[in-house]
Amino acid sequence: MQIKESISRTFGEYLLIPGLTTKSCIPANVSLTTPLTKHRKGEKSAIELNIPFTSAIMQAVSGPKLAIELARNGGLSFIFGSQLIERQAEMVRKVKKFKAGFVISDANLKPSATLQDVLKLKKKTGHSTIVVTEDGTTTGKLLGLITSRDYREKDSPEKKLEDFMTPFNQLIVGIEDISLDEANEIILKKKLNVLPIIDKNQHLVSLVFRKDYESHQANPLELSDVNKSLLVGAGVNTHDYKDRVPALIKAGVDVLCIDSSDGHSEWQKECLLWVKNHYSKIPIGAGNVVNGDAFMYLVNAGADFVKVGIGGGSICITREQKGIGRGQASALMAVAKTRDEYLEKTGMYIPICSDGGIVQDYHMVLALAMGADFLMMGRYFARFDEAPGEKLLINNQYVKEYWGEGSNRAQNWQRYGEGSTESLKFEEGIDSYVPYAGPLKKGLEQTLSKIKATMCSCGVLTVAELQKKAVLTLVSEASITEGGTHDVMRKS
Ligand code: IMP
């Protein structure tokens, strides 16, 4: 038996001591660019994030909608792997196909559908433009369009779409490969609200809406590849990777990550070696670990980045179920120390990701200061419109659903039952609600502005500088009380 340390600490037990803020230390000068994958000292990582955020490999977090919005704002999602291979590959494809300003229609009906179907779909999706395709699918042959100008709600509910839609021969359409500027030119000239885009066989590709134009203007932090497609990652497990990885690569995935609550295992090593042998160009991360030895094990097996964190997730009950884990601050600082020693010895830099346990926005800066290159968050992202969970009104408050990958609901036993059937008998996560937080872009803006303000207080302008120069202090119970509002009566 060995005792690792006397105490294992987490974010809430630390604060940053401010450094000298020079006149150049203003938020506009702060860069949050950070490496995602292994690289030689002094060189650039093949993939750099423009903000140090990735979204958790979870059903309740990383679907294609969130992946698109996060990449448009400089971060990266890992599409969850706890689903059929083909469905996950389809989600990856959806992100790679996304073109800013071009929307995949999710309100489609067949010509034989009725006004009643239109009203139902309008209520369900909130969209008043309904696309009529031959087979009622998103990519079917375009036959017409219905907008609220085409009917009155008191008309017969049995009225068939083919009798009142604007038929194809009266529609103005754009052809695939049209640029956003060209599409908007047509919209303005012809006074349209929407322009359907079709392929050469008249099949629907996407829609461009007049109202979306401004919000789809160039996004300076957008994370994209040489073809201007957004970057997207995907989670894989150590069971079906020989089938899953090829399908994801075919779909265009940019980076993979082995998803496991305890990554220090021979299964991860085998998976890493197999991927490196068969697809040497695709970067792959591994984890999760909480100590230097486990980090080195995965690095030696070829990991391009390593995720740190066991038991700190907001929905996680791993620690109480299995008694494994480590306070996230202690875990991060231990792994970062080994990472830095490895850099010194070999000249290779392996980025580390702090996964789980972020509660306050300031915890994010602490994690970076403790050595993380980027963060992975579940709860934070699950609160936004773009996350897959349902938005509900409970006790007069809007909430979103958020459930753990080890909960019965996710039934992702592969992540939690590495190589054994024993753990199939208990859960490692819960099903919960989180307060609804509106659109991702707005939430991110506020969070990032806080991070930048803290970095300015510390006198640093980059993540690397923060890691080097940050001065952390432990806080006592009494100083935590002093740090909150105290000895006053709140007005409201
Ligand atoms: P959060 O940001 O604190 O909500 O933590 C998210 C992280 O918790 C994920 O990235 C996973 O590493 C971890 N996680 C996800 N589902 C479970 C679970 O069911 N049990 C334990 N940990 C989980």
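Q: How do you make sense of the site of the ligand when you look at a structure like this?
A: As a matter of local geometry, the ligand sits amid 24 residues, with S314, D355, Y402, G406 and E428 nearest to it. Here the ligand has 500 Å² of accessible area as a free molecule, and 96% of this is covered by the chains. Looking at the shell around the ligand, the elements with two or more residues in it are β20 (374–377) and α13 (413–416). Across the shell around the ligand, the residue classes break down as eight nonpolar, 11 polar and five charged.

Q: Even after reading the chapter, I still don't get the packing of aromatic side chains, so can you show me in this structure?
A: Centre-to-centre distance and the angle between the planes together describe a pair of aromatic rings. A full pass over the atoms with the stated rule returns 10 aromatic pairs. Relative to F381, the ring of F53 lies with its centre 6.5 Å away and its plane at 75 degrees, an arrangement referred to as edge-to-face. Taken together, the residues F53 in strand β5 (residues 53–55) and F381 in helix α12 (residues 379–382) connect sequence positions 328 residues apart. In this structure, F53 and F381 share a single accessibility class: buried. Taken together, the ring pairs in this structure connect F53, Y380, F381 and F384 into an aromatic cluster.

Q: I'm lost on the pattern of salt bridges in this one. Help?
A: Side chains bearing opposite charge may pair, as long as their charged atoms lie close to each other. Summed over all chains, the structure comprises 21 salt bridges. As a salt-bridge pair, K122 and E153 come within 3.8 Å of each other at their nearest N and O atoms. Here E153 lies in the loop between β9 (142–146) and α4 (161–164) and K122 lies in helix α3 (residues 115–125), a separation of 31 residues in the sequence. For E153, a relative accessible area of 55% translates into the label exposed. Taking the shortest distance from any N to any O, the salt bridge between D431 and R409 comes out at 3.6 Å. One end of the pair, D431, is in strand β23 (residues 431–435); the other, R409, is in the loop between β22 (397–403) and α13, and 22 residues separate them in sequence. In this structure D431 comes out as partly exposed when scored by relative accessible area, which is 45%. Using a relative accessible area of 38% as the deciding quantity, one classes R409 as partly exposed. Among the ionic contacts, a cluster of salt bridges with common partners joins E69, R72 and E222.

Here is what the cut-offs are and how they apply
- Residues numbered from 1 in each chain as written.
- Predicted model: local features only at pLDDT ≥ 70, side-chain atom pairs only at ≥ 80, totals over all residues.
- Heavy atoms only, no water.
- Near = heavy atom within 4 Å.
- Areas by Shrake-Rupley, 256 points an atom, 1.4 Å probe, with all protein chains shown as cover.
- Helix = DSSP H or I, 4+ residues; strand = E, 2+ residues; numbered from the N terminus.
- Nonpolar A, V, L, I, M, F, W, Y, C, P; charged D, E, K, R; others polar.
- Phe/Tyr/Trp six-rings, centres within 6.5 Å; stacked < 30°, edge-to-face > 60°.
- Buried < 20%, exposed > 50% of the residue type's maximum accessible area, 1.4 Å probe, protein only.
- Salt bridge = Lys/Arg side-chain N within 4 Å of Asp/Glu carboxyl O.

Purely spatial values, then, with no claim about function.
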